[in-house]
Amino acid sequence: MTLVSTIPQAALPSPSTAVWQLGPLPLRAYALCIIAGIAVACVVTERRLRQRGVAPGAVLDIAVWAVPTGIIGARIYHVITSPEKYFGAGGEPLKAFAIWEGGLGIWGAVAGGALGAWLAARQLGIPFAVVADALAPGLPLAQAVGRVGNWFNNELYGGLTTLPWGLQVHDMDPRNPGHAKVVDGEPVLLPGLYHPAFLYEALWNVGVAALVLVLDRRLRLGRGRAFALYVMGYTAGRFWIELMRTDEANHILGLRLNVWTAALVFVGALVYFLRVRGPREYLVPLGAPAPAPAPTTGGDVSQLDLSEREAGARAAAPTGYRVVSEEQFRAYEETGAVPDDPTATGDADGGAAGSDGAGDEAAGATGSRAADRES
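Residues numbered from 1 in each chain as written. Predicted model: local features only at pLDDT ≥ 70, side-chain atom pairs only at ≥ 80, totals over all residues. Heavy atoms only, no water.

S.K.: Tell me what's going on with the packing of aromatic side chains, and back it up with residues and numbers.
M.R.: Under the definition given, this model contains nine aromatic pairs. For the pair Tyr 282 and Phe 329, a centre-to-centre distance of 5.1 Å together with 25 degrees between the ring planes defines the contact as stacked. Here the residue Tyr 282 occupies a position in strand β8 (residues 282-286), and Phe 329 occupies one in helix α11 (residues 326-335), the gap between them amounting to 47 residues. Phe 329 carries the same exposure label as Tyr 282, and that label is buried. Following the ring pairs from residue to residue traces out a cluster consisting of Trp 107, Phe 227, Tyr 230 and Tyr 234. (Phe/Tyr/Trp six-rings, centres within 6.5 Å; stacked < 30°, edge-to-face > 60°. Helix = DSSP H or I, 4+ residues; strand = E, 2+ residues; numbered from the N terminus. Buried < 20%, exposed > 50% of the residue type's maximum accessible area, 1.4 Å probe, protein only.)

Here you go:
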C-alpha cells in the first residue's frame, strides 16, 4: 500500500468518502446516485409515454410499483448469486436484508422492475410493451448515473493499467463503511492504477441510450422491440466489462457468473427482436377529456381560455386506453374524435352496440380489455 502523495498526477482520482452524516441520518453517495438515475429514467419515460398517447403523470404510478420491486429483485439476485456471504460458513443470514451495505444486481433489478411495471400497466390499462419501449432509452441513462455511485464506493474497477485514465482506488475500511483507511492523516490508496470499469460501463450505457433513440426514431419500433434493443446493447457491453473486472465473484467453467448471464440474456433479446413484428402502438385515452381540435378559423387565439381546459384534462384520469395506429392517433390529436373500435360493433353471433348510455360504458370496457390483451 502507498499514500496519496506517491501516486502520479496523471490519473483519475477517487473519493475517499462515500457516506456523510446529516445528524443521525447517513447520506450515502450510492443511494443518491440511484435516486438521481431513477429521476432521469422517469423524465425520459414520461416524455415518451406522452408521445404515444398516455396521460400525463402515468410514469409516477408505474414507478410506485417498479422501483420497490426492482430494488427487491436486485437484492434477491445478489443474495442468490453470492449465497456464501449470507448462508455459508461464517455467513450472517440477516445481512441479506442489509441493502444499505451494498449488493444490488442489475439483472434482478430489471426483472423485478419489469414485474412491478407490468402490474402497474395492467391497473392503468396500458399495454406493457408500450411501457417497456418508452423506458428503453431511459433505463441505460439511469444505469449510467447509478455507476457514479460505484466511483464513490471505490468499487467496480478492472486490472492494473498504465493508461492516462487509470483510476486511483482507495483501500476502504471495513470497520468504517463508506470511508477509506487513514494513515498519518492521509487516505490510503491501493498500489498502482486500475481500469475504471464503472466509467466504461457508464459511457457504454449512454451510447446504448443514443442507439435506441436513433433506431427507434428511424425504424418506428414497437411491440417491445425498442426494449429488446436496449437489452442487446447493454448485455453486449456488460459481457466485455465483466471480463476485465477483478473483484470477487462466483465462476462457472472459468468465467464470472455475470458473463454467462449477459450472454444468455443477449441471445434471448436477439431472438425476441428478430421474431416479433408489428407497428408501433399508440394509445387513445378513454373516459378523459379529448384534446381540443386545432382551430380552423383565423380567430384571435389569445382569447381562448386554455387554463381551465388543461386543468380539467389533468384532473380526469383515463378509465382505459384503446390501441390505435399512428394515423388514427394523429387524427385524434387534430380532431379530438376517438377512433371507432371495431370490437364494439356487431359480430357474427349477432352482438351489437346497445343504447347510447350503455355504448359509452362498453367503449371504456373495450379499451381496457384491448390494453390487457396487448400486455
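There's more to say after this.
S.K.: Help me get a handle on the environment of Arg 225, residues and values and all.
M.R.: On the secondary structure map, Arg 225 appears in helix α8 (residues 225-244). The spatial distance from the C-alpha of Arg 225 to the C-alpha of Val 276 is 7.4 Å, given a sequence separation of 51 residues. The residues touching Arg 225, leaving out its near neighbours within four places in the chain, are Asp 133, Tyr 272, Phe 273, Val 276 and Arg 277. (Contact = heavy atoms within 4.5 Å.)

S.K.: If you had to explain the UniProt feature "binding site: a 1,2-diacyl-sn-glycero-3-phospho-(1'-sn-glycerol)" (unreviewed entry) in the chain to someone new, which residues and values would you point to?
M.R.: Those residues carrying the UniProt feature "binding site: a 1,2-diacyl-sn-glycero-3-phospho-(1'-sn-glycerol)" (unreviewed entry) are Arg 147 in this numbering. Mapped onto the secondary structure, Arg 147 falls in helix α6 (residues 138-152). Apart from residues lying up to four places away in sequence, Arg 147 is in contact with Leu 156, Phe 198, Glu 201, Ala 202, Tyr 234 and Arg 238. (UniProt positions renumbered as here; feature names shortened; annotations may be inferred.)

S.K.: Go over the nonpolar core, please, and point to the residues and values.
M.R.: Of all hydrophobic cores here, the largest spans 20 residues; its most connected members are Trp 107, Ala 136, Val 212, Phe 227, Leu 229, Tyr 230 and Phe 273. Sorting the residues of this core by element identifies α4 (106-124), α7 (197-219), α8 and α9 (257-275) as the ones contributing at least two each. Sort the elements by how many residues they give to this core and α8 lands first, with eight residues. Residues contacting Tyr 230, with those up to four places away along its chain left out, are Val 110, Ala 136, Leu 139, Pro 140, Gln 143, Val 208 and Val 212. (Core = buried A, V, L, I, M, F, W, Y, C linked by side-chain atoms within 4.5 Å.)

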